[in-house]
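Now for the letters of each chain:
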Amino acid sequence: MGELLKSSIFFSDQHLCNADILPPSEVRARIEVAVLNFLKNLNSTDPEISDLPLISRKVSNSRVSRGLLTESSRIFLSHSFCTKSLMNENTASSFIRVWKVMEMCYQILVQEKKVTQRELFYKLLCDSPKYFTSQTQVNRSIQDLVALIRCSRYSFGIMASSRGAVAGRLLLQEPQQEVFDCSACGSSGYAISGDLSLLEKLVMKSDARYIIVVEKHAIFQRIAEDRVFNQIPCILITAKGYPDIGTRLLLHRMSREFPGLPILGLVDWNPAGVAILCTFKFGSITMGLEAYRYACNIKWLGLRKDDIEELIPQDSLIPLKPRDHQIGKSLASSEILQDNYKEELAAMIQSGYRAEIEALYFHGYDFLAKYIGKKIVQADYI
């Protein structure tokens, strides 16, 4: 504790641009130091309410780390700080929200409990309705707390919402539990836990040769029901849309456990599909301090421009919406997006259309497995 107190009020002098995974006792110590230093400033001869120095999560503060010996790249945050002040009317409410969330997380750690972000929202809504009126406010305050104390969210006892599923040639064993065979769980798959510490402890075995990430739950169910993993030795995983943290962490863990397996993404041909791939591949700026813990070197299997031209009927194409153009513009300006992804994105915008994976059913419900198999055999992924 003494050594911690010698540092600046919220560790801003350490220039650490990542969030640590720490045991509860160390997280509590960091929170206690924050409170003690805050009170120390209030009780000084020249009392003041200290601002909160947070690592900035703006795009301008993001950096790309590219592997020297691998193709992998990751998003990190640089050393630029922003502050939240009680004296600034624009940040006063968010300043208080950070302290409220910090207080609640400290209680969670003392009680040795775990909560989801949704549970935390309802607790804060009851305790501090003046400051918490939406889930978004809680989520942003958690991100602020991570940027302030430099601990991962699950070090604070916060679990991810459980949404993803995995199926196929994968054996999973939770601590002190029976081995679970993901090839025997039907089309619904094995539900991925939101307890990130549990996901870190999973024992995994597989004889698969590929990992296939599927954007949509309905497509995941179709190919799991067809037992595609018997024809193509693979593990199937889905986040049922935009990637949640639990699914991203499990995929990251599989990439470490099975480093020789290509990870292939099957998404709609639209800007949102590219954004989903990029989140799996690089992480997200809003979670920049811990993004690298959830990233993996995913390749784009489909749908892609050549598939649209050769396999998708014109009548199955759907006009792009304003939101598609907005996402496309944001992605196109990103320095992290590789050139062949930008070419695909430009083709989408130029055509004015998008295509969904379901459009392949024009060739029959069993065509999807054939499509995946052919693309893999030809190594047609980028």
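Definitions and limits used
Residues numbered from 1 in each chain as written. Predicted model: local features only at pLDDT ≥ 70, side-chain atom pairs only at ≥ 80, totals over all residues. Heavy atoms only, no water. Helix = DSSP H or I, 4+ residues; strand = E, 2+ residues; numbered from the N terminus. Buried < 20%, exposed > 50% of the residue type's maximum accessible area, 1.4 Å probe, protein only. Contact = heavy atoms within 4.5 Å. Expected span 1.5 Å × (residues − 1). Core = buried A, V, L, I, M, F, W, Y, C linked by side-chain atoms within 4.5 Å. UniProt positions renumbered as here; feature names shortened; annotations may be inferred. Polar contact = N/O pair within 3.5 Å; in protein donor to acceptor, adjacent residues only side chain to side chain. Patch = residues over 30% accessible without salt bridge, like charges linked within 9 Å, V, L, I, M, F, W, Y side chains within 5 Å. Areas by Shrake-Rupley, 256 points an atom, 1.4 Å probe, with all protein chains shown as cover. Salt bridge = Lys/Arg side-chain N within 4 Å of Asp/Glu carboxyl O. Pairing = 2+ DSSP bridges. Axes fitted to C-alpha atoms, helices over the stretch in contact; angles between N-to-C directions. Parallel < 35°, antiparallel > 145°, perpendicular 65-115°, else oblique. Nonpolar A, V, L, I, M, F, W, Y, C, P; charged D, E, K, R; others polar. Phe/Tyr/Trp six-rings, centres within 6.5 Å; stacked < 30°, edge-to-face > 60°.

Peer 1: For the overall build of the chain, give the residues involved together with the corresponding values.
Peer 2: Secondary structure assignment for the chain yields 14 helices and 17 strands. Classification of the 382 residues of the chain by burial places 53% in the buried group. When contacts within the chain are restricted to residue pairs at least 6 apart in sequence, those whose partners lie at least 24 apart make up 75%.

Peer 1: Could you give an account of helix H5 (residues 135–149), with specific residues and numbers?
Peer 2: Between its terminal C-alpha atoms H5 stretches 21 Å, which fits the 21 Å expected from 15 residues at 1.5 Å a residue. Among the 15 residues in H5, 12 count as buried, and that is most of the element. Immediately beyond the C-terminal end of H5, within one or two residues, lies Arg150, with a positive phi of roughly 65°.

Peer 1: Run through the nonpolar core, naming residues and quoting values.
Peer 2: Nonpolar side chains in soluble globular proteins tend to be buried together. Counting 79 residues, the largest nonpolar core has Met254 and Ile372 as its most contacted members. Contacts of Met254, omitting those with residues within four sequence positions, involve Leu170, Met204, Ile211, Ile235 and Ile237. Within the second largest apolar cluster, 32 residues are counted, among which are Ala19, Met104, Val138 and Leu148.

Peer 1: Break down helix H2 (residues 24–42) for me, citing the residues and quoting the values.
Peer 2: In this model, H2 (19 residues) spans 27 Å end to end at C-alpha, consistent with the 27 Å of a helix rising 1.5 Å per residue. Inspection of H2 places Val27, Ala29, Arg30, Ile31, Val33, Ala34, Asn37 and Phe38 among the buried residues, and these make up the whole buried set.

Peer 1: Run through the UniProt feature "active site" (unreviewed entry) in the chain, naming residues and quoting values.
Peer 2: According to UniProt, the positions carrying the feature "active site" (unreviewed entry) are Tyr122. Tracing the backbone shows Tyr122 in helix H4 (residues 117–127). Reaching out from Tyr122, the side chain makes a polar contact with the side chain of Arg118 at a distance of 3.1 Å.

Peer 1: Any chance you could break down a nonpolar patch on the surface for me, citing the residues and the numbers?
Peer 2: Together, Val35, Leu39 and Leu42 make up an exposed nonpolar region whose accessible area comes to about 200 Å². Along the chain, the position of Leu42 falls in helix H2.

Peer 1: How would you explain the sheet that holds strand E11 (residues 203–205) if you had to name every residue and give the values?
Peer 2: Strand order in this open sheet of 3 strands is E9-E8-E11, and the pairing throughout is antiparallel. Two strands lie at the open edges of the sheet, namely strand E9 (179–181) and E11, each paired on one side alone. Across the sheet, the axes of successive neighbouring strands diverge by a mean angle of 20°, strand direction being ignored. As paired strands, strand E8 (residues 171–173) and E11 are joined by 3 bridges and run antiparallel to one another. Residue pairing for E11: Leu171 is matched across the bridge by Lys205.

Peer 1: Please give an account of the sheet that holds strand E10 (residues 190–191) that cites residues and values.
Peer 2: Strand order in the open sheet formed by 6 strands is E10-E7-E13-E12-E14-E15, and the pairing between neighbours is mixed. Since the sheet does not close on itself, it has two edges, and those belong to E10 and strand E15 (298–302), each with one partner. In the sheet, strand E7 (residues 165–168) pairs with strand E13 (residues 234–238) via 4 bridges, with the strands oriented antiparallel. The partner of Gly168 across the bridge, within E13, is Ile235. In the packing of helix H14 (residues 367–377) onto the sheet, contacts are made with strand E12 (210–214), strand E14 (263–266) and E15, and the angle to E15 comes to roughly 125°.

Peer 1: Account for unusual backbone geometry, naming residues and giving values.
Peer 2: Residue Leu303 is bonded to the preceding Gly302 through a cis peptide linkage, with omega at -10°. Despite not being glycine, Arg150 shows a phi value in the positive range, around 65°. Note that Arg150 resides in the loop between H5 and strand E6 (158–159). One non-glycine residue with positive phi stands out, namely Ala379, at about 50°. In this structure, Ala379 sits in the segment after H14. On the accessibility criterion, Ala379 (45% relative accessible area) is partly exposed.

Peer 1: Got a sec to walk through the packing of helix H3 (residues 92–110) against H5? Specific residues and values, please.
Peer 2: Between H3 and H5, the shortest axis-to-axis distance is 9 Å and the interhelical angle comes to 80°. Between H3 and H5, the angle is such that the two are roughly perpendicular. Contact with H3, carried on its side by Arg97, Val98, Val101, Met102 and Cys105, involves Gln137, Ser141, Ile142, Asp144, Leu145, Leu148 and Ile149 of H5 and no other residues of that element. Residues of the contact of H3 with H5, tallied by class, amount to 8 nonpolar, 2 polar and 2 charged.

Peer 1: Go over the pattern of salt bridges with me, naming the residues and quoting the values.
Peer 2: The tally for this structure, following the rule as stated, stands at 19 salt bridges. With a shortest N-O distance of 3.8 Å, Asp127 and Lys123 are connected by a salt bridge. Pair noted here: Asp127 and Lys123 are both in helix H4, with a separation of 4 residues, about one helical turn. For Asp127, a relative accessible area of 44% translates into the label partly exposed. Lys123 sits in the partly exposed class, given a relative accessible area of 42%. Between Lys216 and Asp268 there is a salt bridge; the shortest N-O distance is 3.0 Å. Here Lys216 is found in the loop between E12 and helix H7 (217–225), whereas its partner Asp268 is found in the loop between E14 and helix H10 (271–282), with 52 residues between them in sequence. Taking the relative accessible area as the measure of exposure, Lys216 reaches 16% and is therefore buried.

Peer 1: Describe in detail the packing of aromatic side chains, supporting the description with residues and values.
Peer 2: Here the structure, examined in full by the defined rule, presents 5 aromatic pairs. Taking 4.9 Å as the distance between ring centres and 55° as the angle between the ring planes, the aromatic pair formed by Phe38 and Trp99 counts as tilted. Of this pair, Phe38 sits in helix H2 while Trp99 sits in helix H3; the two residues are 61 residues apart in sequence, bridging distant segments of the chain. Look at Trp99 and you get buried, because its relative accessible area is 17%. A ring pair is formed by Phe180 and Tyr190, whose centres lie 5.0 Å apart and whose planes are at 50°; its orientation type is tilted. Remark: Tyr190 occurs in strand E10 and Phe180 occurs in strand E9; sequence separation between them is 10 residues. Among the residues examined, Phe180 registers a relative accessible area of 32% and is labelled partly exposed.

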